[in-house]
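Fold and geometry: a report
The lines below spell out each chain.
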Amino acid sequence: MQNPSGNTAQAATPSPSSRPRKVNINDVASAAGVSYQTVSRVLNDAPDVNAKTRARIQQLIKDLGYRRSRTATALSTNKSTAIGILADRSARFGPVGTLIALEEVARQKGYFTTVITVEQPYEESVAKALESLDDIEVDGIIVIAPVLSMADAVRGATILVPVEMIAAGVSSTPSLFTYSENQELGARLATQHLIDLGHTDIAHLAGSMEWFDGRVRRRGWEGALRDAGLEPGLCLEGDWTPKWAYETGLRMARDGTVPQAIFAASDHTALGLIRALTESGIRVPEDVSVVGYDDIFGSDYFLPPLTTVRQDFTALAHASIEVLLGAIGGREVDREPIAPTLVVRRSVVPASPRRAMREGR
């Protein structure tokens, strides 16, 4: 940069000795006029410190900028402080939403996280990732496993710390805890909403059956229809993308196979479908009712605003971390799956008796 005289000046780089020393617990104790054990008791919220002294120490901790190290916390509280998170590199809404919520909730609870992402072939990448997490001595690992092949690789790995796998509809084993949102219930809620409005011909644009989410959402759709005395009809397996749904919707319109109502396995699937139907002169919801799944950001601004099933990633993260901490601490915790919520908007209307008669239903 230029100094006032026009000469170029070099920015000074402080030497290590000139940098401020990090404040330690002894500095706080000295400033407060107490022993470091008293400061430690305040930090650990021990009851045997009088209120006036506690308040003075807490204020000094803030004023001096003292921060405890992770190691000190673990030694003094015997509390696990590091969690590993293993995730697939998928950019899909569910896995990404789960990962973000897990990291945020863990941080709020005072736990450090190390995140490693993996990709195919899972047999190699999962084993290496788990070994890396073990090397840095995490206390437990949460695996976000959206697809069957990744879950198989986790089951086949040798892991010395407690491991929890977030995978919809998968049961726990003695060596592997599982947890998830009750996505089968979510699919039932979506399908039942259509049934309650008088729809009897309800198709399903499904997600990939390689995904646990795709499998349980299809199962929920089928179960709700059978419980209502209706035979499951058209079901087409896709890849979750708007592109696939758009092309499928155009084909359905061209072939004359558009049903009364459609449960789409994701909001992105619903987005592509609605565009295809609209371009084909088929109105949503007047001609076809559509329900999605996920409640992605902006789904309330679809045209029409989309009725969908909302996933609560924050609640899922809180419960998942509690399950892992229970495994680490050797205690039982509630593992009841998180229940999703149906969000009713304007992409669904009651079945039209006139249309049903015209189509012979």
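For the structure itself, consult the block above.
Residues numbered from 1 in each chain as written. Predicted model: local features only at pLDDT ≥ 70, side-chain atom pairs only at ≥ 80, totals over all residues. Heavy atoms only, no water.

Some points on the overall build of the protein chain
- Looking only at helices and strands, the protein chain features 13 helices and 11 strands.
- Each of the 361 residues in the protein chain was classed as buried or not, and the buried ones make up 46%.
- Pairs at least 24 residues apart make up 70% of the contacts formed inside the protein chain by residues separated by at least 6 positions.
- Summed over its atoms, the accessible surface of the protein chain is roughly 18,600 Å², and 51% of this surface lies on carbon and sulfur atoms. (Helix = DSSP H or I, 4+ residues; strand = E, 2+ residues; numbered from the N terminus. Buried < 20%, exposed > 50% of the residue type's maximum accessible area, 1.4 Å probe, protein only. Contact = heavy atoms within 4.5 Å. Areas by Shrake-Rupley, 256 points an atom, 1.4 Å probe, with all protein chains shown as cover.)

Details of a negative patch on the surface
- On the surface, a cluster of negative charge is made up of Glu-131, Asp-134, Asp-135 and Glu-137.
- Accessibility expressed as a relative area gives 52% for Glu-131, which makes it exposed. (Patch = residues over 30% accessible without salt bridge, like charges linked within 9 Å, V, L, I, M, F, W, Y side chains within 5 Å. Salt bridge = Lys/Arg side-chain N within 4 Å of Asp/Glu carboxyl O. Lys, Arg positive; Asp, Glu negative; His and termini not counted. Charge placed at Lys NZ, Arg CZ, Asp CG, Glu CD.)

Quick notes on the environment of Ile-144
- If you trace the backbone, Ile-144 turns up in strand E3 (residues 140-144).
- Taking relative accessible area as the criterion, Ile-144 reaches 4% and is therefore assigned buried.
- For Ile-144, the residues in contact, after removing those within four places along its chain, are Ile-85, Leu-86, Ala-87, Asp-88, Pro-95, Thr-98, Leu-99, Leu-102, Met-150 and Ile-166.

Topic: the packing of aromatic side chains
- Under the definition given, this model contains 2 aromatic pairs.
- Between Phe-93 and Phe-313 the ring centres are 5.3 Å apart and the planes differ by 65 degrees, which places this aromatic pair in the edge-to-face class. Taken together, the positions of Phe-93 in helix H5 (residues 93-108) and Phe-313 in helix H12 (residues 313-329) put the pair 220 residues apart, joining distant regions of the chain.
- In this structure Phe-93 comes out as partly exposed when scored by relative accessible area, which is 27%.
- When its relative accessible area of 13% is taken as the criterion, Phe-313 is described as buried.
- Its end group placed over the ring of Tyr-293, Arg-217 keeps NZ or CZ at 3.9 Å from the ring centre.
- Above the face of the Tyr-246 ring, Arg-275 is positioned so that its terminal group lies 4.7 Å from the ring centre. (Phe/Tyr/Trp six-rings, centres within 6.5 Å; stacked < 30°, edge-to-face > 60°. Lys NZ or Arg CZ within 6 Å of the ring centre and 35° of its normal.)

Details of the sheet that holds strand E5 (residues 177-179)
- Spatial strand order, E2-E1-E3-E4-E5: 5 strands in an open sheet with parallel pairing. The open sheet has two edge strands with one neighbour each: strand E2 (112-118) and E5. The mean angle between the axes of side-by-side strands here comes to 20 degrees, regardless of whether they run parallel or antiparallel.
- Sheet topology note: the strand E1 (residues 82-88)/E3 ladder contains 5 bridges and is parallel. When the sheet's bridge partners are listed, Gly-84 is paired in E3 with Ile-141.
- Relative to the sheet, H5 contacts E1, E2, E3 and strand E4 (163-166), its axis offset from that of E3 by approximately 155 degrees.
- Most of the contacts of helix H6 (residues 122-135) go to E2, to which it runs at about 160 degrees, and overall it touches E1, E2 and E3. (Pairing = 2+ DSSP bridges. Axes fitted to C-alpha atoms, helices over the stretch in contact; angles between N-to-C directions.)

Describing the environment of Gly-186
- Structurally, the position occupied by Gly-186 is in helix H8 (residues 183-196).
- A relative accessible area of 0% means that Gly-186 is categorised as buried.
- Residues Gly-186 and Val-309, spaced 123 residues apart in sequence, show a C-alpha to C-alpha distance of 6.2 Å.
- In contact with Gly-186, not counting residues within four places along its chain, are Tyr-293, Val-309 and Pro-340.

Topic: helix H11 (residues 267-279)
- Its 13 residues place the ends of H11 18 Å apart at the C-alpha level, agreeing with the 18 Å of an ideal helix rising 1.5 Å per residue.
- Looking at H11, one finds that the buried residues are Asp-267, Thr-269, Ala-270, Gly-272, Leu-273, Ile-274, Ala-276 and Leu-277.
- Elements that come into contact with the buried residues of H11 comprise strand E6 (202-206), helix H10 (242-255), strand E8 (261-264), strand E9 (289-291) and strand E10 (308-310).
- Gly-281, located one to two residues past H11, shows a positive phi value of around 80 degrees. (Expected span 1.5 Å × (residues − 1).)

Focus on the pattern of salt bridges
- The tally for this structure, following the rule as stated, stands at 16 salt bridges.
- Salt bridges sharing common partners tie together Asp-213, Arg-217 and Asp-294.

Observations regarding the sheet that holds E6
- Ordered by their spatial adjacency, 4 strands build an open sheet running E7-E6-E8-E9, and the pairing between neighbours is parallel. The two strands at the open ends of the sheet, each matched to only one other strand, are strand E7 (235-237) and E9. Adjacent strand axes in the sheet meet at a mean angle of 15 degrees when their direction is disregarded.
- Inspection of the sheet shows E8 paired to E9 by 3 bridges, in the parallel sense. Residue pairing for E9: Ala-261 is matched across the bridge by Ser-289.
- Lying over the sheet, helix H9 (residues 212-227) contacts E6, E7 and E8, oriented at roughly 170 degrees with respect to E6.

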